[in-house]
Amino acid sequence: MLNDKRISIIGTGNMGAALISGLICSGSSKPEHIVCTDVREDRLEAIQKEFGVVTTTDNLEAVEASEILIYAVKPQIMTSVLKETAPHLDLSKLIISIAAGVPLTAIESCLQKDLRLIRVMPNIAASVKEAASAVAAGKHARKEDVQLARAIFDSVGKTIFLKENYLMDAVTGLSGSGPAYIFLVVDALADAGVKMGLSRQEALFLSAQTVLGAAKLLMETKEHPAQLKDRVTSPGGTAIAGLHTLEKGGLRTTLINAVEAATYRSKELGEMMIKNFSEE
Ligand SMILES: NC(=O)c1ccc[n+]([C@@H]2O[C@H](COP(=O)([O-])OP(=O)(O)OC[C@H]3O[C@@H](n4cnc5c(N)ncnc54)[C@H](OP(=O)(O)O)[C@@H]3O)[C@@H](O)[C@H]2O)c1
């Protein structure tokens, strides 16, 4: 899919480095076809040594070098980087933003020209090539652009395509923020194991591996979670006793509330971002 297309990554922090690793390890890109930038020369040197990619501290040079540009700087400096590179952007380039909470409308109002824009919301699991990412397209993005963006982010996990841009807030509330919820669940389960006499190390391992195994089972069997839950719940057994307690504690409602709160917060931050982008 990516063939020999050149990809520039603007801002090579956690996400940028995860993408470089994913693209090269999956064989989707060759190191010489990836250009990455950062403000920190020591970081670029380390990335160059590890992956053999082309590096530069000059964002304009990177923009000029490639037809696919991935903006992976922190949301708060997106405006300055977009403004810096804007004169060099045109419809010949595919522009992908992964900045959390920055809606495409904010980017459009900042750049003030017709461009092929794509927004992707990955999550932190990109660093272990298990990200859950959603891809949404701007007005001028083509079908092939969505396929390219998906091919890039499939190299660090799995992607879905969102027809509606506004649903990116729900994605941020669910899979974007989701790893934090699961870390809390794993930590709480480990606490429970310790309370019941296991060592911290044993409890943490069992807890994390249980989450991993349950997720793998869901993905591989494609069975509904309720069906799998029924399969492991024997009459009068231990699982149903535990499940009853979770229902009494309102786990289901608490999780729904958490995703709802994070979705609204993402929307709120996005609105602030649009205001700032148009004021700057
Ligand atoms: N990490 C996640 O789990 C995650 C999930 C979803 C979306 N995202 C989004 O992905 C983007 C990157 O996140 P991250 O965690 O990879 O952040 P990060 O580690 O801070 O990476 C951003 C990099 O860009 C560099 N930078 C700063 N100013 C620059 C400039 N003018 N030109 C080029 N590079 C510049 C930063 O250097 P300094 O550190 O020296 O400033 C840093 O190395 C963010 O917009 C974030 O919202 C991240």
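Just above sits the structure.
Every chain is numbered independently, its residues counted from 1 as its sequence is written. pLDDT decides what is reported in this predicted model: residues at 70 or higher carry local features, side-chain atom pairs at 80 or more are listed and counted, and totals for whole chains, interfaces and linings draw on all residues regardless. Just so you know, side-chain values use all the structure's heavy atoms and leave hydrogens and water out.

1. Remarks on the pairing of strand β8 (residues 157-162)
If DSSP finds at least two bridges between two strands, the strands pair. Secondary structure elements are taken from DSSP: a helix is a run of H or I of four residues or more, a strand is a run of E of two residues or more, and numbering for both begins at the N terminus. Examined bridge by bridge, strand β7 (residues 131-137) and β8 share six bridges and lie parallel to one another. Residue V135 lies in a different strand from β8, and its bridge partner there is F161. A crossover gets the label right-handed when its path from the first strand over the helix to the second runs clockwise, viewed with the strands pointing away from the viewer. For the crossover that starts at β7, traverses helix α6 (residues 143-154) and ends in the parallel β8, the hand is right-handed.

2. Details of the packing of helix α4 (residues 78-85) against helix α5 (residues 104-111)
Inter-axis angles, ranging from 0 to 180 degrees, are taken between N-to-C directions of lines fitted to C-alpha atoms, where helices are fitted over the stretch in contact. Where α4 meets α5, the closest approach of the two axes is 10 Å, and the angle between their N-to-C directions is 45°. With respect to α5, the element α4 is oriented oblique. The handedness of the crossing between α4 and α5 comes out as right-handed. Two secondary-structure elements touch here, α4 through M78, T79, L82 and K83 and α5 through I107, C110 and L111. These descriptions rest on fixed angle ranges, namely under 35 degrees for roughly parallel, over 145 for roughly antiparallel, 65 to 115 for roughly perpendicular, and the rest for oblique. Crossings are classed by handedness, with left-handed meaning an anticlockwise turn of the near helix from the far one by less than a right angle and right-handed meaning a clockwise turn. Note on contacts: a residue pair qualifies if any of its non-hydrogen atoms lie within 4.5 Å across the two residues.

3. Quick word on the sheet that holds β8
Across the sheet, which stays open at both edges, the eight strands sit in the order β3-β2-β1-β4-β5-β6-β7-β8 with mixed pairing between neighbours. The open sheet is flanked by β3 (54-56) and β8, the only strands paired with a single partner. For this sheet, the mean angle separating the axes of adjacent strands, direction not counted, is 20°.

4. Regarding the site of the ligand
What surrounds the ligand is a group of 23 residues, the closest being M15, D38, V73, I77 and A100. The backbone of G13 places a nitrogen or oxygen atom 3.4 Å from an oxygen atom of the ligand. Two N or O atoms form a polar contact when they lie within 3.5 Å of each other; inside protein one atom must be a possible hydrogen donor and the other a possible acceptor, and for residues adjacent in sequence the pair counts only when both atoms belong to side chains. Taking M15, its main chain carries an N or O atom lying 2.7 Å from an oxygen atom of the ligand. Protein coverage of the free-state accessible area of the ligand, which is 880 Å², stands at 78%. The rule for a residue being near a molecule or strand is that one of its heavy atoms must lie within 4 Å of it. We get accessible surface area from the Shrake-Rupley algorithm with a probe of 1.4 Å; when it comes to residues, only the shown protein chains can shield them.

5. Considerations on the nonpolar core
In terms of nonpolar packing, the biggest core is built from 33 residues, with I9, I96, I118 and I152 touching the most fellow members. Looking at this core element by element, the count peaks at six residues for α6. Leave out the neighbours within four places in its chain, and I9 touches G16, L19, I20, I34, V35, C36, T37, I70 and A72. If you look at the next biggest cluster of nonpolar residues, it comprises 24 residues, including V63, M78, I95 and L104. Definition of nonpolar core: a set of buried residues of the types Ala, Val, Leu, Ile, Met, Phe, Trp, Tyr and Cys, connected through side-chain atoms within 4.5 Å. For the exposure calls, accessible area comes from a 1.4 Å probe over protein chains only, and a residue counts as buried if that area is under 20% of its type's maximum, exposed if over 50%, partly exposed in between.

6. Re the pattern of salt bridges
The working definition used for a salt bridge is a side-chain nitrogen of Lys or Arg within 4 Å of a carboxyl oxygen of Asp or Glu. Across all of its chains, the model carries ten salt bridges by this definition. A salt bridge links D42 to R40; the nearest nitrogen and oxygen atoms lie 3.9 Å apart. Residues R116 and D145 are paired through a salt bridge, measuring 2.7 Å at the closest nitrogen-oxygen approach. Placement of the pair is R116 in strand β6 (residues 116-121) and D145 in helix α6, with a sequence separation of 29 residues.

7. Focus: α5
Listed in full, the buried residues belonging to α5 are L104, A106, I107, C110 and L111. Seen end-on, α5 carries its buried residues on one side only, within an arc spanning 160°. Looking one or two residues beyond α5, the residue adopting positive phi is Q112, at roughly 55°. Directions from the helix axis toward the C-beta atoms define the arc.

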